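Spelled out, the chains give:
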Amino acid sequence: MTMMMAKGFRALAKGLALTAGLIAATTGGASAEGAAAKQLFGGIKLPSRAAPTPYGFYSKGCIAGAVAIPVDGPTWQAMRLSRNRRWGHPQMISLLERLSRDAPGVGWPGILIGDVSQPRGGPMLTGHASHQIGLDADIWLTPMPDRRLSAKEREDMPFTSMLKENKFLTVDTKRWTPAHAKLIMLAASYPEVERIFVNPAIKKKLCDTWTGDRSALGKVRPIYGHDAHFHIRMGCPDGAAGCKSQAAVGAGDGCDKSLAWWFTDEPWAKPKKDPNAKPPKPPRPMQLSDMPKACAVVLQAPSPDSEMAATFGGATAVSALAATPANPNDAVPAITAQMPELPDVVPIPLPRPAGY
Ligand SMILES: [Zn+2]
């Protein structure tokens, strides 16, 4: 390690302590040592000013240099703005804009965008085990209305499930349309998309009815929930050495035993309880020290000057794609690019949501 870097790291460590103090002041006295990582990442309003870089895995990591998708575009509207989860890798934001532009071509007027990531990624105070490295995004299964929704409507508009209420794992054909299928298959067709998560009933509907090219159908994976939105997961961008890839999906369309399993009792059975067993300790929330080391640097790095300065180029997305956020600070990318020891991270399975 050079003197320059050692000095840099000392300065960063000091900065981290300061950040922790600031966060402690706003989170009722929690320190960086004792605080759950979700409190540290959940309290930050702006991304780090750095070259866009994901660190770690979808369910255990963070992102430097994230950009926000604009609240509105010609063919998209971002929802639940108060959550401040419009942030992602520029390639993710570019992909969302592309999907929105291509959607009208398959009969879907535009997309309503749910959660992407927090400004610096990381675990969230509520919801989601993944969405931590700026490469996951949720799209509503409700088409964009033909008017701009107010901020309040974007908070309050209810999710519409595609499932029949009183029937086991059955798509409600009053709500589900061929355009829903086409939108999901359009998203799956992009080579940079590695997985799409949908409810098992939706996967089955696609298996039973999709008559187009089925080569991307295997990317569409059944999972709990995901009945009012679908989830797009991109692969690690080229050259992102600290980004932990997920194993590729198997060959085939996935309309097989692995799907049939979801229609058995097993995935829905309550775990058997031993009446004599002690109640299990609640799992320890993820700590900063459990995360890739680079995430401590990301957490305390300086911000761009404003949200606008880090908002993706909207209609001019193509030219914005090559650029890092405005006013990049040269020192920060230099330091984050040299984080040498990124520990292996292990994927955490999505938790089983209650009520399914
Ligand atoms: Zn999601």
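Residues numbered from 1 in each chain as written. Predicted model: local features only at pLDDT ≥ 70, side-chain atom pairs only at ≥ 80, totals over all residues.

A. Molecular detail of the overall build of the chain. Looking only at helices and strands, the chain features 10 helices and 11 strands. Among the 356 residues that make up the chain, the fraction classed as buried is 40%. Of the contacts formed within the chain by residues at least 6 apart in sequence, a portion of 77% connects residues at least 24 apart. (Helix = DSSP H or I, 4+ residues; strand = E, 2+ residues; numbered from the N terminus. Buried ≥ 20, exposed ≤ 12 C-beta atoms within 10 Å, placed from the backbone. Contact = placed C-beta atoms within 7 Å.)

B. Just the environment of Arg148, in detail. Mapped onto the fold, Arg148 is located in the loop between β8 (136–140) and α4 (151–156). The spatial distance from the C-alpha of Arg148 to the C-alpha of Trp76 is 9.6 Å, given a sequence separation of 72 residues. When sequence neighbours within four positions are dropped, the list of residues in contact with Arg148 reads Asp72 and Gln77.

C. Broad picture of the environment of Arg101. The topology assignment puts Arg101 in helix α3 (residues 90–102). When the C-alpha positions of Arg101 and Ile111 are compared, they lie 9.0 Å apart, and in sequence the two are 10 residues distant.

D. Representation of the nonpolar core in the model. Within the largest apolar cluster, 72 residues are counted, with the highest numbers of intra-cluster contacts made by Leu96, Ile113, Ile184, Ile196, Cys295 and Val298. A total of 6 residues in this core trace back to one element, the largest contributor, which is helix α8 (residues 294–300). In this view, Ile113 contacts Ile69, Trp76, Ala78, Met79, Leu96, Ala137 and Ile139; residues no more than four positions away in its chain are not counted. (Core = buried A, V, L, I, M, F, W, Y, C linked by C-beta atoms within 7 Å.)

E. Molecular detail of the pairing of strand β1 (residues 53–57). Summarising burial for β1: 5 of the 5 residues are buried, a large majority. When β1 meets strand β2 (residues 60–64), the two strands line up antiparallel, connected through 5 bridges. For Thr53, the partnering residue across the bridge sits in β2 and is Ala64. The antiparallel pairing of β1 with β2 creates a hairpin that spans 2 residues between the two strands. (Pairing = 2+ DSSP bridges.)

F. Up close: the pairing of strand β11 (residues 229–234). Buried residues dominate β11, accounting for 5 of its 6 residues. In terms of strand pairing, β8 meets β11 through 5 bridges, oriented antiparallel. Bridge pairing links Ile139 to Phe230 in β11. Bridge count between strand β9 (residues 193–198) and β11: 4 bridges; the pairing is antiparallel.

G. Representation of unusual backbone geometry within the structure. The phi angle at Arg80 is positive, at roughly 50 degrees, despite the residue not being glycine. On the basis of neighbour count, Arg80 is assigned to the partly exposed category, with 18 C-beta atoms found within 10 Å. Although it is not a glycine, His128 sits at a positive phi angle of roughly 55 degrees. Examined against the element boundaries, His128 turns out to sit in the loop between β7 (111–113) and β8. Residue classification places His128 among the partly exposed residues on the basis of 19 C-beta atoms within 10 Å.

H. Helix α5 (residues 178–189), seen in detail. Spanning 12 residues, α5 covers 16 Å between terminal C-alpha atoms, matching the ideal 16 Å at 1.5 Å per step. Every buried residue of α5 is listed here: His180, Leu183, Ile184, Met185, Ala187 and Ala188. (Expected span 1.5 Å × (residues − 1).)

I. Representation of α3 within the structure. The end-to-end C-alpha separation of α3 is 18 Å, in line with the 18 Å expected for 13 residues at 1.5 Å each. Taking burial as the measure, the 13 residues of α3 include 10 buried ones, the bulk of the element. Considered for burial, the residues of α3 that qualify are Pro90, Gln91, Met92, Ile93, Ser94, Leu95, Leu96, Glu97, Leu99 and Ser100.

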